[in-house]
Amino acid sequence: MEIALICVALLLVATLYSSVGHGGASGYLAVLSLTSFAAMEAAWLKQHAWCLNLVVAAIAFWHYRRAGHHIPRLTIPFIVVSVPFAMLGGYLRVDGTLYDLLLSICLVLAAWRLYTIPNGIRGDEILDLKPIHAAPVGGTIGLVSGVIGVGGGIFLSPVLLFKKWAT
């Protein structure tokens, strides 16, 4: 019965996250952390969340790109820097209580920042993104995402909105 409930919860997370272009790794980690799988090592949780995240994010990206919502000049500066830093973060060994604490802090902080975004950011308020500004943001997001095992969208979305780099 637990496996069926987990599958339903993961499907719900995937559906909700992909509807806004995210992969959902933070949601998968939250679901798995509330089940018997929480007793598994942090590396196991990260690997499974990453795999689910890659599949769902790829499907969401395909749909968003097909609909004309992808802006390469906005994404490339983040990708170039964040991917190597995410790999570095993935190699860092953070287990046990420290991993649980970091994961909890990151999820609560990301949720709070998304909740506090002002409504009604207009398209005429969008500022031009310069690669020199995107590089440190992408590197930081990549490193944190690699350490805790999420895709990074939960950190990038608030930054894009607060910095007025996107609507």
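Residues numbered from 1 in each chain as written. Predicted model: local features only at pLDDT ≥ 70, side-chain atom pairs only at ≥ 80, totals over all residues. Heavy atoms only, no water.

Look at Lys 164: it is not a glycine, yet its phi comes out positive at around 60°. Residue placement: Lys 164 occurs in the segment after helix H7 (153–162). (Helix = DSSP H or I, 4+ residues; strand = E, 2+ residues; numbered from the N terminus.)

To continue, consider the side chain of Thr 35. The residue Thr 35 is located in the loop between helix H2 (25–33) and helix H3 (42–66) in this model. Take Thr 35: its relative accessible area is 16%, and that puts it in the buried class. In this structure, Thr 35 is in contact with Glu 2 and Ile 6, ignoring residues within four places of it in sequence. (Buried < 20%, exposed > 50% of the residue type's maximum accessible area, 1.4 Å probe, protein only. Contact = heavy atoms within 4.5 Å.)

Further remarks concern H7. All of the buried residues in H7 are Ile 154, Phe 155, Ser 157, Pro 158 and Leu 160. Phi turns positive one or two residues past the end of H7, at Lys 164, with a value near 60°.

Let's shift gears to the packing of aromatic side chains. Applying the stated rule across the entire model yields two aromatic pairs. Ring geometry for Phe 37 and Trp 44: centres 5.2 Å apart, planes at 10°, overall stacked. Residue class for Phe 37 comes out partly exposed when judged on its relative accessible area of 22%. Pairing Phe 78 with Trp 165 gives two aromatic rings, centres 6.0 Å apart and planes at 50°, and the pair type is tilted. Separated by 87 residues along the polypeptide, Phe 78 in helix H4 (residues 72–91) and Trp 165 in the segment after H7 bring together distant segments of the chain. Looking at Phe 78, the relative accessible area reads 5%, which means it is buried. (Phe/Tyr/Trp six-rings, centres within 6.5 Å; stacked < 30°, edge-to-face > 60°.)

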